[in-house]
Amino acid sequence: IVTIIAMVVPEVQHEERSASQLMQVHRGTRLSLHSDNKSYELGSCVEDMLEQYGAQQFEFWKQKTLSDPGDSCACDNILLRLQDSFSSRSSSLKLDIRLEQEAYEIIVDPEQKQIEIRAISALGIFNGLQTMFQLVAEHTGAVFSSYIFDFPHHEWRGLHLDVGRHFQTVDFVKKYIDLMALHKYNRFHWHLTEDQGWRIEMQQFPELCDIAAFRDVRVESKHQKNQIEHEYYCEKCANPKKRFQGNYGGFYTQEEIKDVIQYAKVRHIEVIPEIDLPGHCLAVLTAYPELGCTGGPYRVACSWGIFDDVLCPAKEETFEFVEKCLDELCSLFPSKYFHIGGDECRKTRWKVCPGCQDTIKRLGIEDEEALQCYFITRVAKLLYEKFDKILVGWDEILEGNLPSSDHVVVMAWRDWDYAVKAAAKGLKVIGCPISHCYFDFIQTNEDNEPGAFWSKIVLDLERVYSYTPVEGIQPELLLGGQANVWTEYMPCSHAVEYMTFPRACVLAERLWKQEGTKPFAQYLGQLNQHCSNVLDPLDVSYCKKGL
Ligand SMILES: [Zn+2]
Ligand SMILES: [Zn+2]
Ligand SMILES: [Zn+2]
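Residues numbered from 1 in each chain as written. Chains lettered and ligands numbered in written order. Predicted model: local features only at pLDDT ≥ 70, side-chain atom pairs only at ≥ 80, totals over all residues. Heavy atoms only, no water.

Going by what an unreviewed UniProt entry lists, the protein is known as beta-N-acetylhexosaminidase and is assigned to Vannella robusta. Check the Sequence similarities (unreviewed entry) section of the UniProt entry for the protein; it says "Belongs to the glycosyl hydrolase 20 family." (UniProt positions renumbered as here; feature names shortened; annotations may be inferred.)

Written as structure tokens, this is what we have:
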């Protein structure tokens, strides 16, 4: 007798299994759309998805993990079926109406020799497919006769990537998006600008590519002698920055950005761009020194940290620059949300800048924090009124008593306290506290363990597994959560994979299903299986230390 436990990451909400009947998904199993639904309004949407994503992915998993049909009960067909509502079997399970679009059912039926994935939308079908891929990837396709009904707990399930500190290729970004889809993440937060580099082609500001997208690595290595030891050492790439011969950097063309957005869209992932303002702007200032309080000269940052030089909010040119950038970017990125950073903006320059001090007096506001609030509020108004976007910002945007607004969302990163503060004002929040969600943090206490160490937090898998939103936030104000991948110590894509996985697998659990059904020690065995069944075939350089 072989005991088979379906190991889907994230774990499904509800599964009923009939005792011992197994069915074999094999190389000959077909994936098709139910014929009754061709006329259904969403039929073409599912067909497109099947064509552009599903069939291709299914072929991949078949080749990687499945055998020819054997003597056991063979599955002829995996059928995708759109329906108007969920079956009576699932009606006793409570389902938030907001999340119904994401829900799906899987019916494994050995008598009919088929598996059916049912949902009321293309999105639900897509989520069902992700579960299906994981099911066929394990136990070489042996699937129990079962009924699955699954839906997410949180609507916003995000994964972030900082391409400012270290640039990542379009190919890698696509791989990252594929891995997100497989774990049912639905928001890709693309952190596109930093002190160390601006990473998007801008038609109105060519200097952002010519000047702000590159930094001098010779200076960098001098500055970072004491930090380089925390960098991930990649045996595959050895010294990945060497090939840049002094000038490290890069940027995405607008065509590449469109390509990535389309790639993500087919995978039901929304790309949220972040342009970090008014702090973390040294690269911008190097190209346009007139936007700073002192006028420069500045240099694209070659070390990590927080810098004194930020945009000057007293200058109208600053707002003109921001508006022109948003004009280009908002037509490029279709997402409803637009992230403007707002974090770690030092007030050193503002305190002594005559323009900034005059502005504080003119506006009749209290101090530099209120000046920051003026900046954020003005950008939020612009985003909402001119571009119809909702502003997302790090929790520092609360400083200076940010007023309540329907079109501002706060990302609580320093602590859950900031989420509570924001929610108390009626602002929507996304939880990504450093305590559980900062995947740049070290994963073990070992010497030479790569990663950030400033918080003293060792962010191991068990800690990620225990992610729990703080109590006291109204459910309608908590959009969800996400993990952040800051790349100071990740010089190549393998480093990003090492830091992100399998921690992202584990966080996906808590974003999809609020409470785990297993103690961590028991879960760990299954996570191990998942890594070898799902991450290995995809050549992910994940961290094996906690497994
Ligand atoms: Zn590498
Ligand atoms: Zn100023
Ligand atoms: Zn995983």
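Structure's up, so let's keep going.
> Would you mind going over the domain arrangement of the protein with me for this structure?
Accessible area lost during the coming together of the parts is what is often quoted as the interface size. Split into domains, the protein comes out as domain 1 (14–150) and domain 2 (156–518). One C-alpha centre belongs to domain 1, the other to domain 2, and the line joining them spans 36 Å. Contacts between the two partners involve 16 residues from domain 1 and, on the opposite side, eleven residues from domain 2. Around 1,200 Å² of area is buried between domain 1 and domain 2 when both sides are counted, 53% of it from carbon and sulfur atoms. Its salt-bridge partner being Arg-157, residue Glu-102 comes within 2.7 Å of it at the nearest N-O pair. Joining domain 1 to domain 2, the criterion identifies four residue pairs in polar contact (both at pLDDT 80 or more). Of all the secondary-structure elements, those providing two or more residues to the side of domain 1 that touches domain 2 are α1 (43–65) and α3 (122–137). Sort the elements by how many residues they give to the side of domain 1 that touches domain 2 and α3 lands first, with eight residues. Of the residues that constitute the side of domain 1 that touches domain 2, the class distribution is eight nonpolar, six polar and two charged. (Domains from an automatic or database assignment. Contact = heavy atoms within 4.5 Å. Buried area = accessible area lost by both parts, 1.4 Å probe. Salt bridge = Lys/Arg side-chain N within 4 Å of Asp/Glu carboxyl O. Polar contact = N/O pair within 3.5 Å; in protein donor to acceptor, adjacent residues only side chain to side chain. Helix = DSSP H or I, 4+ residues; strand = E, 2+ residues; numbered from the N terminus. Nonpolar A, V, L, I, M, F, W, Y, C, P; charged D, E, K, R; others polar.)

> Is there a simple way to explain the packing of aromatic side chains in this structure?
For the structure on display, the rule yields 28 aromatic pairs. Where Phe-205 meets Tyr-288, the ring centres are 5.5 Å apart and the plane angle is 80°; that geometry is what we call edge-to-face. Residue Phe-205 is found in the loop between β10 (197–198) and α5 (207–210), and its partner Tyr-288 is found in the loop between α8 (282–287) and α9 (316–332); the two are separated by 83 residues along the sequence. Judged by relative accessible area, which is 10%, Phe-205 ranks as buried. Classification of Tyr-288 by relative accessible area gives buried; the value is 11%. Centroid distance Phe-453 to Tyr-489: 6.2 Å. Interplanar angle 40°. Geometry classified as tilted. Here Phe-453, found in the loop between α14 (434–437) and α15 (461–465), pairs with Tyr-489, found in the loop between β18 (478–483) and α16 (493–500); they are 36 residues apart in sequence, far enough to count as distant. With a relative accessible area of 33%, Phe-453 lands in the partly exposed category. Taken together, the ring pairs in this structure connect Phe-167, Phe-172, Tyr-176, Phe-188, Trp-190 and Tyr-252 into an aromatic cluster. (Phe/Tyr/Trp six-rings, centres within 6.5 Å; stacked < 30°, edge-to-face > 60°. Buried < 20%, exposed > 50% of the residue type's maximum accessible area, 1.4 Å probe, protein only.)

> So what exactly am I meant to see when it comes to the coordination of the zinc ion (ligand 3) here?
The protein atoms that coordinate the zinc ion (ligand 3) are His-183 (NE2), Cys-505 (SG) and His-530 (NE2), at distances of 1.9 to 2.1 Å. Along the chain, the residues that donate to the zinc ion (ligand 3) are spaced as H-x321-C-x24-H. Taken together, the residues span a long stretch of sequence, with His-183 in the loop between α4 (170–182) and β8 (187–191) and His-530 in helix α18 (residues 520–535) at a distance of 347 residues. In this pair, the class of His-183 matches that of His-530, namely buried. (Donors = N, O, S within 2.8 Å, 3.2 Å for Na, K, Ca; no water.)

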